[in-house]
Amino acid sequence: QVQLVESGGGLVQPGGSLRLSCAASRSFFNFNAMGWYRQAPGKERELVAGITSGGSTNYADSVKGRFIISRDNANNTVYLQMNSLKVEDTAVYYCKMKIRELLSGPLHDYWGQGTQVTVSS
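Since this is a predicted model, take the numbers as computed values, not measurements. Sequence positions are assigned chain by chain, starting from 1 and proceeding in written order. Confidence filtering applies because this is a predicted model: local features only for residues at pLDDT of at least 70, side-chain atom pairs given and counted only at 80 or more, and all residues used for totals across whole chains, interfaces and linings. Each side-chain value is derived from all of the structure's non-hydrogen atoms; neither hydrogens nor water enter the calculation.

Right, let's get into the nonpolar core. Here, the term nonpolar core denotes a set of buried Ala, Val, Leu, Ile, Met, Phe, Trp, Tyr and Cys residues that are joined through side-chain atoms within 4.5 Å. Throughout this description, buried means an accessible area under 20% of the type-specific maximum (1.4 Å probe, protein chains only), exposed means over 50%, and partly exposed covers the range between. Among the nonpolar cores identified, the biggest contains 31 residues, and Trp36, Val78, Leu80, Met82, Tyr93 and Met97 are the most heavily contacted of them. Taken together, the elements giving at least two residues each to this core come down to strand S3 (18-24), strand S4 (30-39), strand S5 (46-52), strand S7 (67-72), strand S8 (77-82), strand S9 (91-100) and strand S11 (115-119). Think of it this way: any DSSP run of H or I at least four residues long counts as a helix, any run of E at least two long counts as a strand, and we number them from the N terminus. Per-element accounting of this core gives the leading share, 5 residues, to S9. For Met82, the residues in contact, after removing those within four places along its chain, are Gly16, Ser17, Leu18, Leu20, Arg66, Phe67, Tyr93 and Val117. Working rule for contacts: check all heavy atoms of both residues, and any pair within 4.5 Å makes them a contact.

Next comes the structure, spelled out in structure tokens:
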């Protein structure tokens, strides 16, 4: 069973930066995609950024040009570099990985526990 552990959240002033990380608890055969979601108070959870096994990335319009998703395959880790943070970026950020744990096995979705990002002056 794969578990995802998130870290890197915290309090930052507008215009500042944070880097979130999400590490899988153990190795797996391969992954289909990794991504970051966020949920602000009173709002629906939304996709922030995603990256495929082939390296293709996509971003929500609200974060394009400010956030960068990347991965470290050797360490089973995905990152979200957040720059030029705005108050409206305040949310709980969740990591998601679509993972194939075993050779010829099925793909499974796993979620991190969430990490709070607060942007405030």
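It is worth spelling out the packing of aromatic side chains at this point. Note on aromatic pairs: the rings of Phe, Tyr and Trp (six-membered ring only in Trp) are paired at centre separations within 6.5 Å, and the planes decide the class, stacked below 30 degrees, edge-to-face beyond 60, tilted for the rest. A full pass over the atoms with the stated rule returns 1 aromatic pair. With 4.9 Å between their ring centres and 55 degrees between their planes, Tyr37 and Trp111 make a pair best called tilted. Of this pair, Tyr37 sits in strand S4 while Trp111 sits in strand S10 (residues 107-111), and the two are 74 residues apart along the sequence. Overall, the relative accessible area of 19% leaves Tyr37 in the buried class. Either the NZ atom of lysine or the CZ atom of arginine qualifies as a charge over a ring when it sits within 6 Å of the ring centre and within 35 degrees of the ring normal. In this structure, Arg19 packs its charged tip against the face of Tyr79, placed 4.0 Å from the ring centre. Over the ring of Tyr94 we find Arg45; its NZ or CZ atom is 3.8 Å from the centre of that ring.

Any carboxyl oxygen of Asp or Glu within 4 Å of a side-chain nitrogen of Lys or Arg constitutes a salt bridge here. All told, the structure shown has 7 salt bridges when counted by the stated rule. Arg26 is paired through a salt bridge with Glu101; the nearest N and O atoms lie 2.7 Å apart. Taken together, the positions of Arg26 in the loop between S3 and S4 and Glu101 in the loop between S9 and S10 put the pair 75 residues apart, joining distant regions of the chain. Arg38 serves as the salt-bridge partner of Asp89, at 2.9 Å between the closest nitrogen and oxygen.

Quick look at the sheet that holds S7 now. Each pair of strands is called paired provided DSSP finds at least two bridges between the two strands. Taken in spatial order, the 4 strands line up as S1-S3-S8-S7 in an open sheet, and their pairing is antiparallel. Of all the strands in the sheet, the pair left with one neighbour each is strand S1 (4-7) and S7. Here the average twist between neighbouring strands, direction ignored, is 15 degrees. In the sheet, S1 pairs with S3 via 4 bridges, with the strands oriented antiparallel. By the bridge assignment for S3, Leu4 is matched with Ala24. Lines fitted to C-alpha atoms define the axes here, with helix axes fitted over just the stretch in contact, and angles between the N-to-C directions of these axes take values from 0 to 180 degrees.

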